[in-house]
Amino acid sequence: EAQVTQNPRYLITVTGKKLTVTCSQNMNHEYMSWYRQDPGLGLRQIYYSMNVEVTDKGDVPEGYKVSRKEKRNFPLILESPSPNQTSLYFCASSRGWANSQETQYFGPGTRLLVL
Amino acid sequence: RKEVEQDPGPFNVPEGATVAFNCTYSNSASQSFFWYRQDCRKEPKLLMSVYSSGNEDGRFTAQLNRASQYISLLIRDSKLSDSATYLCVVNILRGATNKLIFGTGTLLAVQP
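Predicted, not measured: the structure shown is a model, and the values here were computed from it.

Caption draft 1: Quick look at the layout of surface pockets. In this structure, the largest pocket spans a volume of roughly 530 Å³. Forming the walls of the largest pocket are 22 residues, and the residues nearest its centre are Gln37 and Pro39 of chain A together with Gln38, Thr85 and Thr104 of chain B. In terms of residue count, strand β9 (residues 84-94) of chain B provides more of the lining of the largest pocket than any other element does, three residues in total. Class assignment for the residues of the lining of the largest pocket results in eight nonpolar, 10 polar and four charged.

Caption draft 2: Representation of the side chain of Ser93 of chain A within the structure. With respect to the helices and strands, Ser93 of chain A occurs in strand β9 (residues 87-94). Within the local environment of Ser93 of chain A, its side chain forms a polar contact with the side chain of His29 of chain A, the two groups lying 2.7 Å apart.

Caption draft 3: Examining the sheet that holds strand β1 (residues 4-7) of chain A more closely. Strand order across the open sheet formed by four strands is β1-β3-β8-β7 (chain A), with antiparallel pairing between neighbours. What marks the edges here is a single partner per strand, and that holds for β1 and β7 (65-66) of chain A.

Caption draft 4: Main features of the state of the cysteines. Residue and element names in this part refer to chain B. Overall, the coordinates contain two disulfides over all chains when judged by the stated rule. Residue pairing for Cys23: its cysteine sulfur links by disulfide to Cys88, the two sulfurs lying 1.9 Å apart. Judged by the torsion about the S-S bond (-75°), the Cys23/Cys88 disulfide is left-handed. Of this pair, Cys23 sits in strand β3 (residues 19-25) while Cys88 sits in strand β9, and the two are 65 residues apart along the sequence. Summarising the burial analysis for this pair, Cys23 and Cys88 share the class buried.

What counts, and at which threshold
- Residues numbered from 1 in each chain as written.
- Chains lettered and ligands numbered in written order.
- Predicted model: local features only at pLDDT ≥ 70, side-chain atom pairs only at ≥ 80, totals over all residues.
- Heavy atoms only, no water.
- 1 Å grid on protein atoms, 1.4 Å probe; cavity = no way out; pocket = protein on both sides within 12 Å on 5 of 7 lines; lining within 4 Å.
- Points joined across faces, edges and corners; volume = space filled by probe spheres on them.
- Helix = DSSP H or I, 4+ residues; strand = E, 2+ residues; numbered from the N terminus.
- Nonpolar A, V, L, I, M, F, W, Y, C, P; charged D, E, K, R; others polar.
- Polar contact = N/O pair within 3.5 Å; in protein donor to acceptor, adjacent residues only side chain to side chain.
- Pairing = 2+ DSSP bridges.
- Disulfide = S-S within 2.5 Å.
- Buried < 20%, exposed > 50% of the residue type's maximum accessible area, 1.4 Å probe, protein only.

The following block contains the structure:
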């Protein structure tokens, strides 16, 4: 089944404790991205990747890191989480980045609470 | 001003009703337009693309007005299963890549 998976789905942590949220897709998609969703603000892009070893900042990259060592995986790293990073996070992928009609496929989401 | 604006709702409608959502966007260079559906605590999923000539998919009709920079979604004969948040999404070209800008969503609650 074609899908985007994320782990963990739920996470409670404390300020400053490094964490990684994994994202994997099995559709051989080139383009992957991370979003956070907050009430009243909608989905905002954190980072994106156009292909292996090619990543760039989205609209809200502060406090996050990403890597793309393999085509299927795009982990999101919070080196020193803070309470303002409490949010619902979605990983997404699409076939490419040049076609404006591409459909984004989203993972199931990771709900993060930073105390 | 937000790049994509939607009425957050909620829209409470009885089963069988017709309901319409509007969305406005600020970037006149926007290239393509979509409606995504998001169920409570779930991921967004593409409902339909929106084309300049308007398009229909079963009970759903989407319209685009480029001159006024707004997009609409019409749902006829509402079902309980249509209850969800509907996200208006606009694609713009930023640098070399296409970027999706999401509205905050309109909540629809269909009542029995």
